[in-house]
Amino acid sequence: EAGVTQSPTHLIKTRGQQVTLRCSPISGHTSVYWYQQALGLGLQFLLWYDEGEERNRGNFPPRFSGRQFPNYSSELNVNALELEDSALYLCASKGPNFYEQYFGPGTRLTVT
Amino acid sequence: DAKTTQPPSMDCAEGRAANLPCNHSTISGNEYVYWYRQIHSQGPQYIIHGLKNNETNEMASLIITEDRKSSTLILPHATLRDTAVYYCIVRVATGDMRFGAGTRLTVKP
């Protein structure tokens, strides 16, 4: 069974640009979670989608947004990139009848 | 979600049991205790979770005190590949997870 996949693996953007990160959950999983992990820091919760709806968001500005598609894949959009947005962005998925989240390998974003 | 307190770092000799403590004194009755680990900037890996009974799986054992205010993750025979940051998280069954700083476990030969 394929795990959570994320694309791209790495990308480099400049300040002020916009970026879209993608996540495909494990087959049968309906919830997708996004986290940010800046270098040397812990994971910070960003967004939670379930059945196409945003269920909760962490303490991040509105320029961080996303959506979940009917096939349960998800996108994370970050507008007006700032240097401090440089981080590993992790996506996790969870099935409707399970408690644990399974993480993807992450997308490493560098903002210059 | 309840906050957790973990030691920032621990060492363990290879082949010995690693016992990682976690305090969660404000845990609510409907909150579970979860453990994840993260090996050098990879995505976190689920280890185990429990509500109030002790749990065991192929990776580890989870011991939760009777008052549920603390728990211990036990890796019975630590290997060098178990070197990672271990996160203890408490949350309701379907909620998002709030990660703390975790414990950096170093398994030494």
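Heads up: the structure comes first, above all this text.
Conventions we followed
Residues numbered from 1 in each chain as written. Chains lettered and ligands numbered in written order. Predicted model: local features only at pLDDT ≥ 70, side-chain atom pairs only at ≥ 80, totals over all residues. Heavy atoms only, no water. Helix = DSSP H or I, 4+ residues; strand = E, 2+ residues; numbered from the N terminus. Rg over C-alpha atoms; globule rule 2.2 N^0.38 Å. Buried < 20%, exposed > 50% of the residue type's maximum accessible area, 1.4 Å probe, protein only. Contact = heavy atoms within 4.5 Å. Areas by Shrake-Rupley, 256 points an atom, 1.4 Å probe, with all protein chains shown as cover. Lys, Arg positive; Asp, Glu negative; His and termini not counted. Charge placed at Lys NZ, Arg CZ, Asp CG, Glu CD. Pairing = 2+ DSSP bridges. Axes fitted to C-alpha atoms, helices over the stretch in contact; angles between N-to-C directions. Buried area = accessible area lost by both parts, 1.4 Å probe. Salt bridge = Lys/Arg side-chain N within 4 Å of Asp/Glu carboxyl O. Polar contact = N/O pair within 3.5 Å; in protein donor to acceptor, adjacent residues only side chain to side chain. Nonpolar A, V, L, I, M, F, W, Y, C, P; charged D, E, K, R; others polar. Core = buried A, V, L, I, M, F, W, Y, C linked by side-chain atoms within 4.5 Å.

Asks: Give me the lowdown on the overall build of chain B, citing residues and values where you can.
Replies: Scanning chain B from N- to C-terminus turns up zero helices and nine strands. Taken from N to C terminus, the helices and strands of chain B fall in the order β-β-β-β-β-β-β-β-β. Relative to the 2.2 N^0.38 estimate, which gives 13 Å for 109 residues, the radius of gyration of chain B is 13 Å and therefore close to what a compact globule would have. Taking the principal axes of its C-alpha atoms as reference, chain B extends roughly 40 × 30 × 25 Å. Going through the 109 residues of chain B one by one, you find that 47% of them count as buried. Across chain B, contacts joining residues at least 24 apart in sequence account for 56% of those joining residues at least 6 apart. Surface summary for chain B: the accessible area is close to 5,500 Å², and the carbon and sulfur share equals 49%. For chain B, the separation between the mean place of its 11 positive charges and that of its 10 negative charges on side chains is 4 Å.

Asks: Now, about the sheet that holds strand β1 (residues 5-7) of chain A: what can you tell me, with residues and values included?
Replies: All names here are of chain A. Sheet architecture is open: four strands sit in the order β1-β3-β8-β7, paired in antiparallel fashion. The sheet is open, and its two borders are formed by β1 and β7 (64-68), each paired with just one other strand. With direction set aside, neighbouring strand axes in the sheet form an average angle of 20°. One ladder, built from three bridges, connects β1 with strand β3 (residues 19-24); its direction is antiparallel. The residue of β3 that forms the bridge with Gln 6 is Cys 23.

Asks: Give me the interface of chain B and chain A: which residues, what numbers.
Replies: Taken together, the contacts link 19 residues of chain B with 19 residues of chain A. Taken together, the two surfaces of chain B and chain A that pack against each other cover about 1,500 Å², and 55% of this comes from carbon and sulfur. At the boundary of chain B and chain A, one finds zero salt bridges. The tally of links between chain B and chain A comes to six residue pairs in polar contact (both at pLDDT 80 or more). Elements represented by at least two residues in the side of chain B that touches chain A include exactly β3 (31-38), β4 (45-50) and β8 (84-92) of chain B. In terms of residue count, β3 of chain B provides more of the side of chain B that touches chain A than any other element does, four residues in total. In terms of residue class, the side of chain B that touches chain A is made up of nine nonpolar, seven polar and three charged.

Asks: Now, about the side chain of Gln 6 of chain A: what can you tell me, with residues and values included?
Replies: All names here are of chain A. Considering the arrangement of structural elements, one finds Gln 6 in strand β1. We classify Gln 6 as buried; its relative accessible area is 10%. Looking at Gln 6, its side chain comes within polar contact range of the main-chain oxygen of Tyr 89, at 3.0 Å. A polar side-chain atom of Gln 6 sits 3.1 Å from the main-chain amide nitrogen of Cys 91. Not counting the four nearest positions on each side in its chain, Gln 6 is found in contact with Arg 22, Cys 23, Trp 34, Tyr 89, Leu 90, Cys 91, Gly 104, Pro 105, Gly 106 and Thr 107.

Asks: Please give an account of the pairing of β7 of chain A that cites residues and values.
Replies: Residues and elements named next belong to chain A. Here β7 pairs with strand β8 (residues 74-78) via five bridges, running antiparallel. Bridging across to β8, Gln 68 finds its partner in Ser 74. Between the antiparallel neighbours β7 and β8 lie five residues, among them Tyr 72 with a positive phi of about 75°.

Asks: Explain the nonpolar core to me, using residue names and the numbers behind them.
Replies: Ranked by internal contacts, the top residues of the largest apolar core, which has 22 residues, are Val 19, Leu 21, Trp 34, Leu 46, Leu 76, Tyr 89 and Leu 109 of chain A. When residues of this core are traced back to their parent elements, those giving at least two are β3, β4 (31-37), β5 (44-50), β8, β9 (87-94) and β11 (107-111) of chain A. If you look at the next biggest cluster of nonpolar residues, it comprises 21 residues, including Cys 12, Ile 27, Tyr 86 and Cys 88 of chain B.

Asks: Please set out the sheet that holds β3 of chain B residue by residue, giving values where relevant.
Replies: Residues and elements named next belong to chain B. Read from one edge of the open sheet, five strands run β1-β9-β8-β3-β4, paired in mixed fashion. Bordering the open sheet on either side are β1 (9-13) and β4, each of which pairs with just one other strand. For this sheet, the mean inter-axis angle between neighbouring strands, taken without regard to orientation, is 25°. In this sheet, strand β9 (residues 103-108) lies alongside β1 in parallel orientation, the contact comprising five bridges. Residue pairing for β9: Asp 11 is matched across the bridge by Thr 106.

The analysis is restricted to geometry; functional conclusions fall outside its scope.
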